[in-house]
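An overview of the molecular structure
Each chain, letter by letter, is given below.
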Amino acid sequence: MAGLDLLARKSLERSSEASILISGSFLSSNESKHQDHWSWRHLREQFCIKNAESLFEKYQSRLQHAMLFLILTANVVSGLAAILLLCLYSENSIDNLKTPLGFRIALTSASLVLYIISYQERWFFSACSRLIVSFLILTLTVAAEMASSIRNLTVGLSASPCFSAYPLLSATIFLPFPKWYQVGLAATFVTVTELVIAGFSYQLQGEINVHQMSTDVIYHVTVALMGLYIRFLMEFTNRKAFLDRRECFESKFHLEYEKDQEERLLLSVLPKHISVQVREGIREVIRRINLDPVPQRPFTELFVEKHRNVSILYADIVNSVALTASLHVSELVETLNELFGRFDDSA
């Protein structure tokens, strides 16, 4: 009934004639309900009412597992690209490349091992395993970014804050941290690490630029807040989609249940072959109405059968009045149902 009510309201809102009949108070109340439907408070209340938090955590873990594959793929590809660039375009000798090249190979190999392990999805259902994997990936990502910054400092280049956006966004958006405070701690860890590297680079240059340091702080905080906001929007959208799917399945199961009840009611009144003819007749009527919506008598066919030899039994229940007065309503219905059922079995 809720689905029919929603369809009716949508059709009324789209109809030009009905829009004149709808009052402004109804529209304002409808708009307020729609706004409340998209509020975070309403969403949390619905999860508490429907007791769906534990089920959503499993659903969320599957989504985070997909995001985990994405960040691991990015780490492996970026690591292989860095190794290739070091080998092809570096002006240093092979001896000088042993340390950065070995470090890059170790980080890329660790990311590749985690990528292979991540195929076992059941390992990431628990919050502890997701926290450990997130911490390991974050450590590898920060270490790779630190290696690039330190190498730039050794050749006389300053550490660019642009590269720190990748570990920050990884910590706040992609990594499957179970709790929000863990995401905040990870973002704080990356921000402090990047600011320390930036301050160290300014110290090597001979002076600390206060304006540049302030700009770096604002930049890192802005990127971290942007990542947290995107993560919040993703969780909000996932929760809304989860509830919508749940309501869709509930409507489907309710419809199937009502259809089964209707089938049982029809079979309790009519024989099976007659009920099949009745359903086919109803479908034919609906098909004709869809093809020709002109008002007409919907049901003109009679579902009857002719029998030449028929036996009619007239029977009376002894002391039916006293029996009706002494039995409870449910007991009386069960007794009559059993009696008529035996008549049907004997026939």
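Residues numbered from 1 in each chain as written. Predicted model: local features only at pLDDT ≥ 70, side-chain atom pairs only at ≥ 80, totals over all residues. Heavy atoms only, no water.

Re the UniProt feature "transmembrane region" (unreviewed entry) in the protein chain
- The UniProt entry lists residues 66-89, 101-117, 123-143, 155-177, 183-205 and 217-234 under the feature "transmembrane region" (unreviewed entry), expressed in the numbering used here.
- The span residues 217-234 shows a helical share of 100% and a strand share of 0%, and its end C-alpha atoms are spaced 26 Å apart. (UniProt positions renumbered as here; feature names shortened; annotations may be inferred. Helix = DSSP H or I, 4+ residues; strand = E, 2+ residues; numbered from the N terminus.)

Some words on helix α4 (residues 40-50)
- All buried positions along α4 are accounted for by His 42, Leu 43, Gln 46, Phe 47 and Lys 50. Buried residues along α4 cover an arc of 140° about the axis, so they all sit on one side. Across from the buried face of α4, at angles greater than 90 degrees, the exposed residues are Arg 41, Cys 48 and Ile 49.
- Backbone geometry just downstream of α4 places Asn 51 in the positive-phi region, at approximately 55°. (Buried < 20%, exposed > 50% of the residue type's maximum accessible area, 1.4 Å probe, protein only. Arc of directions from axis to C-beta.)

A few points about the side chain of Thr 191
- With respect to the helices and strands, Thr 191 occurs in helix α9 (residues 180-204).
- Not counting residues within four places of it along the chain, the set of residues in contact with Thr 191 comprises Leu 168, His 220 and Ala 224. (Contact = heavy atoms within 4.5 Å.)

A word on the packing of helix α10 (residues 210-269) against helix α11 (residues 272-291)
- In contact at an axis separation of 8 Å, α10 and α11 are set at 125° when each is read in the N-to-C sense. Viewed along their axes, α10 and α11 adopt a mutual orientation that is oblique. As for the relative orientation of α10 and α11, their crossing is right-handed in sense. Side by side, α10 and α11 meet where Glu 263, Leu 266 and Leu 267 of the first sit next to Lys 272, Ser 275 and Arg 279 of the second.
- Residue composition of the contact of α10 with α11, by class: two nonpolar, one polar and three charged. (Axes fitted to C-alpha atoms, helices over the stretch in contact; angles between N-to-C directions. Parallel < 35°, antiparallel > 145°, perpendicular 65-115°, else oblique. Left-handed = near helix turned anticlockwise from the far one by under 90°. Nonpolar A, V, L, I, M, F, W, Y, C, P; charged D, E, K, R; others polar.)

Comments concerning a nonpolar patch on the surface
- There is a patch of nonpolar side chains on the surface, built from Trp 180, Tyr 229, Phe 232 and Leu 233 and spanning about 380 Å² of accessible area.
- Here the nonpolar patch gets three residues from one element, more than from any other, and that element is α10.
- Take Trp 180: it is sitting in helix α9.
- Residue classification places Trp 180 among the partly exposed positions, given a relative accessible area of 35%. (Patch = residues over 30% accessible without salt bridge, like charges linked within 9 Å, V, L, I, M, F, W, Y side chains within 5 Å. Areas by Shrake-Rupley, 256 points an atom, 1.4 Å probe, with all protein chains shown as cover. Salt bridge = Lys/Arg side-chain N within 4 Å of Asp/Glu carboxyl O.)

Observations concerning the nonpolar core
- Ranked by internal contacts, the top residues of the largest apolar core, which has 24 residues, are Leu 68, Ile 137, Leu 138, Leu 168, Leu 175, Phe 177 and Val 190.
- Looking at this core, the elements with two or more residues in it are α5 (53-89), α6 (94-117), α7 (127-154), α8 (165-174), α9 and α10.
- Of all the elements, α7 adds the most residues to this core, at seven residues.
- Apart from the residues lying within four places of it in its own chain, the contact partners of Phe 177 are Gln 64, Leu 131, Ser 134, Phe 135, Leu 138, Ala 171, Gln 182, Val 183, Ala 186 and Arg 231. (Core = buried A, V, L, I, M, F, W, Y, C linked by side-chain atoms within 4.5 Å.)

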